[in-house]
Amino acid sequence: MREGVTPADPARAAALDVVHLLREVALRYDRAVGEFARTAGLHGTDVRALVSLLDAERAGVAATPTWLAQQLGMTSQATTAVIHRLEAAGHVERLRSRTDGRSARLQVSDTAVALGWQFFGPLLDRLIITTQALDPSQQTLVKDYLTAVTDALG
């Protein structure tokens, strides 16, 4: 048994099994995102930008171009190119800031939201049903675990 493949310690091996399942979830989700990008004529980065903007809206965060660049880990120039592509496709709107007329906030268009639901809706429905099959304490455990994993990934 090679330690780097299958740990000798049973507790470590069991934990690694969970990590491998988490990796499989991430890979399958990434494939779904890639398929959505292809069918919608988007770059993968464009989809990441849309997801970030939708997450910001849910969190009540004013998503500016600078904020988006930070979320994507890209330069302002590269982020501007993403925003221009998304605007040209009708997926993102620039709205003037309510407090500072010189700055803009970004918002995903209603048509882009509808497109996303058309593609991801059935997947999300299956994930919601799977989650609802857990009792509340199990849902809390999974949420706490995934939060800790997110934090561990940085």
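This text goes with the structure placed above it.
Report on the accompanying structure.

**Focus: the overall build of the protein chain**
Okay, step 1: On a plain count of helices and strands, the protein chain comes out with 6 helices and 2 strands.
Okay, step 2: Overall, the protein chain shows an N-to-C arrangement of helices and strands of α-α-α-α-β-β-α-α.
Okay, step 3: Taken over C-alpha atoms, the radius of gyration comes to 19 Å for the protein chain, far larger than the 15 Å a tight globule of 154 residues would show.
Okay, step 4: For the protein chain, the spread of C-alpha atoms along the three principal axes comes to 60 × 35 × 30 Å.
Okay, step 5: Looking at the protein chain as a whole, 23% of its 154 residues are labelled buried.
Okay, step 6: Here the contacts in the protein chain between residues at least 6 apart in sequence split such that 40% fall between residues at least 24 apart.

**Comments concerning the packing of aromatic side chains**
Okay, step 1: In the structure shown here, the tally under the stated rule is 4 aromatic pairs.
Okay, step 2: Ring geometry for Phe-36 against Phe-120: centres 5.1 Å apart, planes inclined by 50°, an arrangement best described as tilted. With Phe-36 in helix H1 (residues 10-40) and Phe-120 in helix H5 (residues 110-132), this pair connects stretches of sequence that are 84 residues apart.
Okay, step 3: Within the aromatic cluster, the residues linked to one another by ring pairs are Tyr-29, Phe-36, Phe-119 and Phe-120.

**Considering a nonpolar patch on the surface**
Okay, step 1: Taken together, the side chains of Val-18, Val-19, Val-142, Tyr-145 and Leu-146 present a nonpolar region at the surface, about 370 Å² in accessible area.
Okay, step 2: Of all elements in the fold, only H1 and helix H6 (136-153) reach the threshold of two or more residues within the nonpolar patch.
Okay, step 3: For the nonpolar patch, the leading source of residues is H6, giving 3 residues.
Okay, step 4: By the element assignment, Tyr-145 lies in helix H6.
Okay, step 5: The exposure class of Tyr-145 is partly exposed, given its relative accessible area of 33%.

**What to know about helix H2 (residues 44-59)**
Okay, step 1: With 16 residues, H2 should cover 22 Å at 1.5 Å per step; its first-to-last C-alpha distance of 23 Å lies within 8% of that length.
Okay, step 2: Within the sequence span of H2, burial applies to Asp-46, Val-47, Ala-49, Leu-50, Ser-52, Leu-53 and Ala-56.
Okay, step 3: Where H2 is buried, its residues meet H1, helix H3 (65-72), helix H4 (76-88), strand E1 (92-96) and strand E2 (104-108).
Okay, step 4: Downstream of H2 by one or two residues, Gly-60 has phi in the positive range, about 75°.

**Some thoughts on the environment of Ala-11**
Okay, step 1: Residue placement: Ala-11 occurs in helix H1.
Okay, step 2: Assessed through its relative accessible area of 52%, Ala-11 is described here as exposed.
Okay, step 3: A C-alpha to C-alpha distance of 47 Å links Ala-11 and Val-92, two positions 81 residues apart in sequence.

**Digging into the side chain of Ser-109**
Okay, step 1: Looking at the element boundaries, Ser-109 is found in the loop between E2 and H5.
Okay, step 2: A polar side-chain atom of Ser-109 sits 2.6 Å from the main-chain carbonyl oxygen of Gly-90.

What counts, and where the lines are drawn
Residues numbered from 1 in each chain as written. Predicted model: local features only at pLDDT ≥ 70, side-chain atom pairs only at ≥ 80, totals over all residues. Heavy atoms only, no water. Helix = DSSP H or I, 4+ residues; strand = E, 2+ residues; numbered from the N terminus. Rg over C-alpha atoms; globule rule 2.2 N^0.38 Å. Buried < 20%, exposed > 50% of the residue type's maximum accessible area, 1.4 Å probe, protein only. Contact = heavy atoms within 4.5 Å. Phe/Tyr/Trp six-rings, centres within 6.5 Å; stacked < 30°, edge-to-face > 60°. Patch = residues over 30% accessible without salt bridge, like charges linked within 9 Å, V, L, I, M, F, W, Y side chains within 5 Å. Areas by Shrake-Rupley, 256 points an atom, 1.4 Å probe, with all protein chains shown as cover. Salt bridge = Lys/Arg side-chain N within 4 Å of Asp/Glu carboxyl O. Expected span 1.5 Å × (residues − 1). Polar contact = N/O pair within 3.5 Å; in protein donor to acceptor, adjacent residues only side chain to side chain.

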